[in-house]
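Here is what each chain is made of, one letter per residue.
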Amino acid sequence: MTKWLEENTPKLVLAPSFIAVLIFVYGFIAWTAWVSFTRSRLLPRYDIEGLIQYERLFASPRWDTALNNLFVFGILFILIAMVLGLILAILLDQNIRTEGAIRTIYLYPMALSMIVTGTAWKWILNPGLGVEAMVRGWGFESFTFDWLVNPDMAIYTVVIAAIWQSSGFVMALFLAGLRSVDGEIIKAAQVDGIPTWRIYTAIIIPSMAPIFLSAFIVLSHLAIKSFDLVIALTGGGPGYATDLPATYMYAMAFSRGDIGQAASSAMIMMMVVFAIVVPYLYSELRSKDD
Amino acid sequence: MTDISMTSAQSQSQTGKIVLRWLLYIALGLFALFYLMPLFVMITTSLKSLDEIRTGDLIALPREVTFDAWRTAWSGACTGIQCEGVRPYFWNSILIAIPAVAISTLLGAMNGYVVAQWRFRGANIIFSLMLFGCFIPFQVVLLPMARTLGIMGIAGTIPGLIFVHVIYGLGFTTLFFRNYYVTIPAELTKAAKVDGAGFFRIFWSIFLPLSLPIIVVTVIWQFTQIWNDFLFGVSFSQAGTQPVTVALNNIVNSTTGVKEYNVDMAAAIIAALPTLFVYVVAGKYFIRGLTAGSVKG
Amino acid sequence: MKSVFFGAVSATALIASAVHAEPQAEVLHWWTSGGEAKSVAVLQEEFASKGGTWTDMPVAGGGGDAAMTALRARVLSGNAPTAVQLKGPAIQEWYEEGVLADISAVAEAQGWADVLPASIAGHMKCEGTWCAAPVNVHRVDWIWANADVLEANGIEMPTTWDEFNAAADKLAAAGVIPLAHGGQAWQDATVFEAVALGILGPDGFRKAFVDLDMDTLKSDEMKAVFDQMRTMRGYVDENFSGRDWNLATAMVMNGEAAFQIMGDWAKGEFMAAGKVPGEDFLCASVPGDGFLYNVDSFAMFNVDGDDKKAGQDLLAELIVGQNFQKVFNLNKGSIPARIDVPLDEFDSCAHLSAKDMSESSDNGSLLPSYAHGMALRGAQSGAITDVVTAHFNSDMSSDEAVNMLADAVANSM
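Note that the structure is predicted; figures quoted are calculated from it, not measured.

Asker: I keep staring at the overall build of chain B and nothing clicks. Help me out?
Answerer: Helices and strands together make up the secondary structure of chain B, namely 14 helices and zero strands. Its helices and strands in sequence order give chain B the pattern α-α-α-α-α-α-α-α-α-α-α-α-α-α, from N to C terminus. Against the globule reference of 19 Å for 297 residues, chain B gives a C-alpha radius of gyration of 25 Å, more extended than a compact globule. A buried classification covers 51% of the 297 residues belonging to chain B.

Encoded structure:
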């Protein structure tokens, strides 16, 4: 009995979390799938009606915009935040005397609720109030920075604010990774006269592959769920030019009483995520097994 | 190579180092400016009077500094019928955040330890399934979760909110610890097992002391997520258990009332103070090789 | 007046005799900021003075969206609030889900049918029974103006859209922004329905936005509405995207802009800045006939326990009571829903609103606001707003817009 317990302790430790995830993630996804085949409006109903919600979804020009934006926003945001986070972490890893203060400055945007920082960003990015007005005030009359009010460019302002908000956390992740790299190896490499940049590209960064995975997951999670950000910064506008699937889903489920439609949009969104994340996970986890 | 050439090369690299150092600080400073810009707007706005905001430049420095908005935000702004600011809601948030962060971090550490160091058949699949859980949009889980909480009898309570936050934090905490622990050589566990140490003993006395940087990251992430959560807070609370984000939202998002931007900004900064506090305190444990050297050497 | 008096007595008697439990109410609402919160606090005080215990459950955001999210979660978890701020067809939608309580006993004892305009009373009924209590009437189709700016440019308040366009051109030439506007979907929709009321007329408006008549939605008049919206787009400054409505109001206040089209909550902003109606700023209905209303109301949910049921009856009685209707609306900028409240203490804009309401109630042009969720269910009004805001923020032609409108409405069913 004790032997069995000893052998199975790892599984027993993992079991409660795994069961919880099965129920509260996969069970709920199944529930959503079911509801997406119904005509649920204000509250969920369970009579299957077929693919009507998906037909409606793909007939909606607003959903097209939202899905498109998810790609533009997601790719730019993940890429830039990751690169910026890594650069900041490496810069900060050079025995900086004021590291604590600078780290907190880079991190603090995460602490602030976007409900209000959205307003601050809105003012900064507004051509009449913020950066454009300021630079013009310095005498550069032709300076233009009107992305916020330009339907074709507004999504990029969402990218800027999102990077501002979360790159600090990515930096923290990478910093933790850098700090876990064996100091002895670095010292040995330095003694051998290998330049610092080579030490980073050849030794340290490759050893942080699992941290990249963490950063990627966190950033894609944030990209998919960017909701407060869009609501506070652009409210989905101009028009619905900056709508994202998350805001579309929320609008359908909670302001328009169209839960079936919301469920179908959630399913499509999860399928998209699945198609992108699963291959990455697969390659990442397989290489670890070798 | 002669001694002379050696020293000249050294001094050259010395000046090069100083220049690099300066460039480094300038780069760090410029980034800091970018990050601080919105905070500047928020703080200056919070120090202005409403009249000044209405008539003046929104980005400019305050003409007259007043702390009235801060006082109002803390203890006088209306969040409904009560006009007691965000103060009464702080306690609820603390009661939710601290247990939820502690439980989810501990569970994540154990799970990560199992997945990274005690591989059993299917462990990677289980891990992948848990990871994918990070991607479920929270808007999707609201309604079935409401029903579940109702059945469990903890709808509208603080334990209910803790439960929800722990569940949806597990994916991340497990991920962080697992990806940190896989970089630790498996030989370490093997050697400890040979020495007769058991599962918990190895975790407690070898892995946990090694984990400070990743605990910092996990706590920062979880605390931020839970403290700033609005969607769960607003859906699974009732009168008396509403967290501070709901109060902040009630101050900021008035529908047809007069908007007091100075109070909004002050309230937002006040609501963020506990998170900032965590960043500063936890950040201290970010130092390289606090105990790592002893194991890896 | 007499019947009301007796009504009040009998209802009190009814409550006293039927229920001995102390009235309890947990009230979910989204009036959380200064003036609004003070207004609802009046209700709480009256409730408490009648021996009731009020538990406040405020959730602001998105014009009630966040509150509705909380409400769904509460209902599904079997823990519905006692009373909820609900409005428009949402009341009937919730009724159809079988979760609303019947408050006909109070309504009949109080004689609500005699004191509420018929079209507003209609919103408070579900299949013949009373299921909600109205609080106020916001008028949506207001146009606000800076008095000094108009005077300096020799402009009168416009009474037709052509006059408005002429005035706007003149203002633009003089370097004033003709129309202060915030580019948020609901604000676009607010301007759109004001224009639509003027151009389609009350009957056309009803056909389009209450009956969703396809012919009207695709008609040439509807194209003219979109044409006018395109013209209005030219009167708005470049930086309007995402601007909060109150910042637009501030532009009118400090003379940067001349007009704003917004519901009467804008009056609160002017008043808060110490401006006087008729002197500093002017209020008028937008060009055209009719009156678009946005009525806030409370619905009671099915709950267990005599104390909560007593709370619901007492709340319903107080909400429609004369005193609350007066005090609340003085604070809020709207006018009372019941027509027998003395308006001596109200300002000139409120008087105009009350006069227009009773006139349009008589001639059938008292209409629900589509932009503020009074006319249609969320799915349909949302679909219309999507098209309106997409058109306003792009260079879409009116023909295209009209076709998109018909498609979107059909797709939302």
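Picking up after the structure, the text goes on.
Asker: Can you help me understand the UniProt feature "transmembrane region" (unreviewed entry) in chain B in this one?
Answerer: When the UniProt feature table is mapped onto this chain numbering, "transmembrane region" (unreviewed entry) sits at residues 22–43, 94–116, 123–143, 149–177, 198–223 and 265–287 of chain B. The span residues 198–223 of chain B shows a helical share of 92% and a strand share of 0%, and its end C-alpha atoms are spaced 31 Å apart.

Asker: Honestly, the sheet that holds strand β9 (residues 177–179) of chain C in this entry has me stumped. Any pointers?
Answerer: Hydrogen bonds along the backbone pair up the strands of a sheet, which may run parallel or antiparallel. All names here are of chain C. In space, the four strands of this open sheet follow the order β9-β10-β8-β11, with mixed pairing throughout. Pairing within the sheet leaves two strands with one partner each, and these edge strands are β9 and β11 (281–285). The sheet shows a mean angle of 20° between the axes of neighbouring strands, direction not considered. Note: strand β8 (residues 142–146) against strand β10 (residues 257–261), three bridges, orientation antiparallel.

Asker: Even after reading the chapter, I still don't get the packing of helix α10 (residues 185–209) of chain C against helix α12 (residues 220–234) of chain C, so can you show me in this structure?
Answerer: How two helices sit against one another is set out by the angle between their axes and by the gap between those axes. All names here are of chain C. Put simply, α10 and α12 touch, their axes get as near as 8 Å, and they point 170° apart. Accordingly, the angle class assigned to the pair α10 and α12 is roughly antiparallel. Residues V191, F192, V195, A196, I199, L200, G204 and A208 of α10 touch α12, and the partners they reach there are E221, M222, A224, V225, Q228, M229 and M232. Each residue belonging to the contact of α10 with α12 can be placed in one class, and the counts come to twelve nonpolar, two polar and one charged.

Asker: When you look at the interface of chain A and chain B in this model, what are you seeing that I'm missing?
Answerer: The figure often quoted for interface size is the accessible area lost as the parts come together. The interface of chain A with chain B comprises 79 residues on the first partner and 79 residues on the second. Residue classes in the side of chain A that touches chain B are distributed as 54 nonpolar, 16 polar and nine charged.

Asker: Looking at this structure, I do not really get the sheet that holds strand β15 (residues 366–368) of chain C. What am I missing?
Answerer: Residues and elements named next belong to chain C. Read across the sheet, four strands follow the order β14-β7-β12-β15 without closing on themselves; strand pairing throughout is mixed. With partners counted over all chains shown, the strands left at the sheet margins are β14 (335–336) and β15, one partner each. In this sheet, β15 lies alongside strand β12 (residues 291–294) in parallel orientation, the contact comprising three bridges. Bridge assignment links L292 to a residue of β15, and that residue is L367.

Asker: Just checking my understanding: could you explain the confidence of the model for chain C for this structure?
Answerer: In regions of low pLDDT, the predicted coordinates are not meant to be interpreted in detail. Residue and element names in this part refer to chain C. Overall, the predicted model of chain C reaches an average pLDDT of 89, with 94% of residues at or above 70. Ranking the helices and strands of chain C by mean pLDDT puts β9 first, with 96, and helix α1 (residues 2–18) last, with 43. Note that residues 1–19 has pLDDT below 50 and, in this model, 22 contacts with residues that lie over four places away or in other chains. ipTM for the predicted complex: 0.85, alongside a pTM of 0.86.

Asker: Explain the confidence of the model for chain B here, please?
Answerer: Residues and elements named next belong to chain B. With 90% of its residues at a pLDDT of 70 or more, chain B has an overall mean of 84. Note that residues 1–6 has pLDDT below 50 and, in this model, one contact with residues that lie over four places away or in other chains. Ignoring residues within four places in sequence, the model shows residues 289–297, a span with pLDDT below 50, making 14 contacts including any to other chains.

Asker: Can you help me understand the interface of chain C and chain A in this one?
Answerer: Across the boundary between the two partners, chain C contributes 27 residues, which contact 27 residues of chain A. Counting residues per element, the ones that place at least two in the side of chain C that touches chain A are α3 (65–76), α4 (89–96) and α18 (378–392) of chain C. Residue composition of the side of chain C that touches chain A, by class: seven nonpolar, 13 polar and seven charged.

Asker: Hey, could you run me through the pairing of strand β13 (residues 297–300) of chain C in this one?
Answerer: A regular strand places its side chains on the two faces of the sheet in alternate fashion. All names here are of chain C. The side-chain alternation of β13 yields two buried faces, one formed by S297 and A299 and the other by F298 and M300. Judged from the four bridges that link them, strand β3 (residues 83–86) and β13 form a sheet pairing that is antiparallel. Within β13, the residue paired with A83 across the bridge is M300. Where strand β6 (residues 132–134) lies against β13, three bridges are found, and the strand directions are antiparallel. Bridging across to β13, A133 finds its partner in F298.

Asker: Hey, could you run me through the nonpolar core in this one?
Answerer: If you look at the biggest cluster of nonpolar residues, it comprises 334 residues, and the most contacted ones within it are F174(A) and A299(C). Take this core: its biggest share by element is 17 residues, from helix α7 (residues 154–180) of chain A. Other than its neighbours up to four places away in sequence, A299(C) contacts V84(C), L86(C), I91(C), W94(C), L100(C), C131(C) and A132(C).

Asker: In this structure, what is going on with the environment of E127(C)? I would like to understand it.
Answerer: Residue and element names in this part refer to chain C. Positionally, E127 belongs in the loop between β4 (125–126) and β5 (129–130). Take E127: there are 8 C-beta atoms within 10 Å of it, and that puts it in the exposed class. Spatially, the C-alpha atom of E127 lies 46 Å from that of M251, the residues being 124 residues apart in sequence.

Asker: Mind showing me how you'd approach the pairing of strand β1 (residues 24–29) of chain C here?
Answerer: All names here are of chain C. Judged by how many residues are buried, β1 sits mostly within the fold: six of six residues are covered. Bridging between β1 and strand β2 (residues 53–58) involves six bridges; their strand directions are parallel. Residue pairing across strands places V27 opposite D56, the latter belonging to β2. Pairing between β1 and β3: two bridges, direction parallel.

Asker: How should helix α16 (residues 322–332) of chain C be read in this particular structure?
Answerer: One full turn of an α-helix is made of 3.6 residues, so residues set three or four places apart face in the same direction. Within α16(C) the residues assigned to the buried category are F324(C), Q325(C), K326(C), F328(C), N329(C), N331(C) and K332(C). Backbone geometry just downstream of α16(C) places G333(C) in the positive-phi region, at approximately 95°.

What counts and how
Residues numbered from 1 in each chain as written. Chains lettered and ligands numbered in written order. Predicted model: local features only at pLDDT ≥ 70, side-chain atom pairs only at ≥ 80, totals over all residues. Helix = DSSP H or I, 4+ residues; strand = E, 2+ residues; numbered from the N terminus. Rg over C-alpha atoms; globule rule 2.2 N^0.38 Å. Buried ≥ 20, exposed ≤ 12 C-beta atoms within 10 Å, placed from the backbone. UniProt positions renumbered as here; feature names shortened; annotations may be inferred. Pairing = 2+ DSSP bridges. Axes fitted to C-alpha atoms, helices over the stretch in contact; angles between N-to-C directions. Parallel < 35°, antiparallel > 145°, perpendicular 65-115°, else oblique. Contact = placed C-beta atoms within 7 Å. Nonpolar A, V, L, I, M, F, W, Y, C, P; charged D, E, K, R; others polar. pLDDT = per-residue confidence, 0-100. Core = buried A, V, L, I, M, F, W, Y, C linked by C-beta atoms within 7 Å.

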